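Next come the chains, spelled out residue by residue.
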Amino acid sequence: AQSVTQLGSHVSVSEGALVLLRCNYSSSVPPYLFWYVQYPNQGLQLLLKYTSAATLVKGINGFEAEFKKSETSFHLTKPSAHMRDAAEYFCAVSDLNTGGFKTIFGAGTRLFVKA
Amino acid sequence: GAGVSQSPRYKVAKRGQDVALRCDPISGHVSLFWYQQALGQGPEFLTYFQNEAQLDKSGLPSDRFFAERPEGSVSTLKIQRTQQEDSAVYLCASSLGLGPDTQYFGPGTRLTVL
């Protein structure tokens, strides 16, 4: 069965510092992996996705994530945090066992950015 | 273009009432998903439609929950005899194709059961 674990429900960084949000997944087959972001009072939107092409995936707003099969991880990074990055971030996994129908989301990590 | 819309945005129900939540997906999107998001949690899968066919309803928490998409576009999630534990934000998402594609989310309906 699929599952997603996001380490740290809250992460706080200073503006300009590295952002690292951790995600580990469990899937019995090669997964499809996603990071979604939810800004205050807005709906979830896709940041980036991994679909078995390049293991380093670049997304919007300077974010990227690396798929590491050996570590079953898909951590999200950004070299330099900006105040506008403050939001809730969700890692998610789908796999073809369920035809990709069922997407499992992590509990989310709220990112705080200090001036 | 228009995104995914949901109505109502907020719903307050007394315990035992029936509620109906509507989702208008992006035009032409084949796949439609419903999720339940409790406070401080990630979205939890409820059900999935491919056009009008409900292909997976394994996440519906009880037989009080029912979803339909009769013409392959608008979808309704109905909750009968609401309970306090049903209080949550209900999210709808649609995607263009089949399988694990990018999902476009609506703003959600916040349901509060008193």
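A quick note: this is a predicted structure, and the numbers were derived from the prediction, not measured.

Trainee: Explanation requested: unusual backbone geometry in the structure shown.
Mentor: Excluding glycine, residues mostly carry a negative phi; peptide bonds, for their part, are mostly trans. The amide bond that connects B:S7 to the next residue, B:P8, takes the cis arrangement and shows omega of -10 degrees. Along the polypeptide, B:P8 turns up in the loop between β1 (5-7) and β2 (10-13). Even without being a glycine, A:N61 presents a positive backbone phi close to 60 degrees. Here A:N61 lies in the loop between β6 (56-58) and β7 (64-68). You can call A:N61 partly exposed: its relative accessible area is 38%. Residue B:N51 is not a glycine yet carries a positive backbone phi of 55 degrees.

Trainee: How should the interface of chain B and chain A be read in this particular structure?
Mentor: In many analyses, interface size is given as the accessible surface area lost on bringing the parts together. Across the contact, 21 residues belong to chain B and 19 residues belong to chain A. Between chain B and chain A, the buried area comes to about 1,600 Å², and carbon and sulfur atoms account for 60% of it. Counting the contacts that link chain B with chain A gives one salt bridge. Residue B:D101 is joined to A:K49 by a salt bridge in which the shortest nitrogen-to-oxygen separation is 3.4 Å. At the junction of chain B with chain A, the criterion picks out five residue pairs in polar contact (both at pLDDT 80 or more).

Trainee: Just to check I follow, could you spell out the sheet that holds β7(A) for this structure?
Mentor: The pairing of strands in a sheet happens through backbone hydrogen bonds and is either parallel or antiparallel. Residue and element names in this part refer to chain A. Strand order in the open sheet formed by five strands is β1-β3-β8-β7-β6, with antiparallel pairing between adjacent strands. With partners counted over all chains shown, the strands left at the sheet margins are β1 (3-7) and β6, one partner each. Recorded for the sheet is a direction-independent mean angle of 20 degrees between the axes of neighbouring strands. With three bridges connecting them, β6 and β7 associate as antiparallel partners. The residue bridging K58 from the neighbouring strand is E64, located in β7.

Trainee: Can you help me understand the nonpolar core in this one?
Mentor: In a soluble, globular protein the nonpolar side chains are often hidden away together inside. Residues A:W35, A:L48, A:F74, A:L76 and A:Y89 are the most contacted members of the largest nonpolar core, which totals 27 residues. Taken together, the elements giving at least two residues each to this core come down to β2 (10-14), β3 (19-26), β4 (31-38), β5 (45-50), β7, β8 (73-78), β9 (87-95) and β11 (109-114) of chain A. The next biggest cluster of nonpolar side chains, apart from the first, holds 20 residues, and it includes B:V19, B:L77, B:I79 and B:V113.

Trainee: Explain the pattern of salt bridges here, please?
Mentor: Side chains that differ in charge, positive against negative, can pair when their charged atoms come close. Residue and element names in this part refer to chain A. Following the criterion strictly, the structure yields seven salt bridges over all chains and no others. With its nearest N and O atoms 2.8 Å apart, the salt bridge here joins K58 to E64. K58 gets classed as exposed once you look at its relative accessible area, which sits at 62%. E64 gets classed as partly exposed once you look at its relative accessible area, which sits at 22%. A salt bridge links R110 to E88; the nearest nitrogen and oxygen atoms lie 2.8 Å apart. One end of the pair, R110, is in strand β11; the other, E88, is in strand β9, with 22 residues separating them in the sequence. Take R110: its relative accessible area is 33%, and that puts it in the partly exposed class. On the accessibility criterion, E88 (12% relative accessible area) is buried.

Trainee: I keep staring at the layout of surface pockets and nothing clicks. Help me out?
Mentor: Over the atoms, a rolling probe the size of a water molecule traces out where space has been left empty. Space inside the largest pocket adds up to approximately 650 Å³. Along the walls of the largest pocket sit 28 residues, with A:Q38, B:Q37, B:L39, B:V89 and B:R110 positioned nearest its centre. Looking at the lining of the largest pocket, the elements with two or more residues in it are β9 of chain A together with β9 (88-95) and β11 (109-113) of chain B. Partitioning the lining of the largest pocket into residue classes produces twelve nonpolar, twelve polar and four charged.

Thresholds applied
Residues numbered from 1 in each chain as written. Chains lettered and ligands numbered in written order. Predicted model: local features only at pLDDT ≥ 70, side-chain atom pairs only at ≥ 80, totals over all residues. Heavy atoms only, no water. Helix = DSSP H or I, 4+ residues; strand = E, 2+ residues; numbered from the N terminus. Buried < 20%, exposed > 50% of the residue type's maximum accessible area, 1.4 Å probe, protein only. Contact = heavy atoms within 4.5 Å. Buried area = accessible area lost by both parts, 1.4 Å probe. Salt bridge = Lys/Arg side-chain N within 4 Å of Asp/Glu carboxyl O. Polar contact = N/O pair within 3.5 Å; in protein donor to acceptor, adjacent residues only side chain to side chain. Pairing = 2+ DSSP bridges. Axes fitted to C-alpha atoms, helices over the stretch in contact; angles between N-to-C directions. Core = buried A, V, L, I, M, F, W, Y, C linked by side-chain atoms within 4.5 Å. 1 Å grid on protein atoms, 1.4 Å probe; cavity = no way out; pocket = protein on both sides within 12 Å on 5 of 7 lines; lining within 4 Å. Points joined across faces, edges and corners; volume = space filled by probe spheres on them. Nonpolar A, V, L, I, M, F, W, Y, C, P; charged D, E, K, R; others polar.

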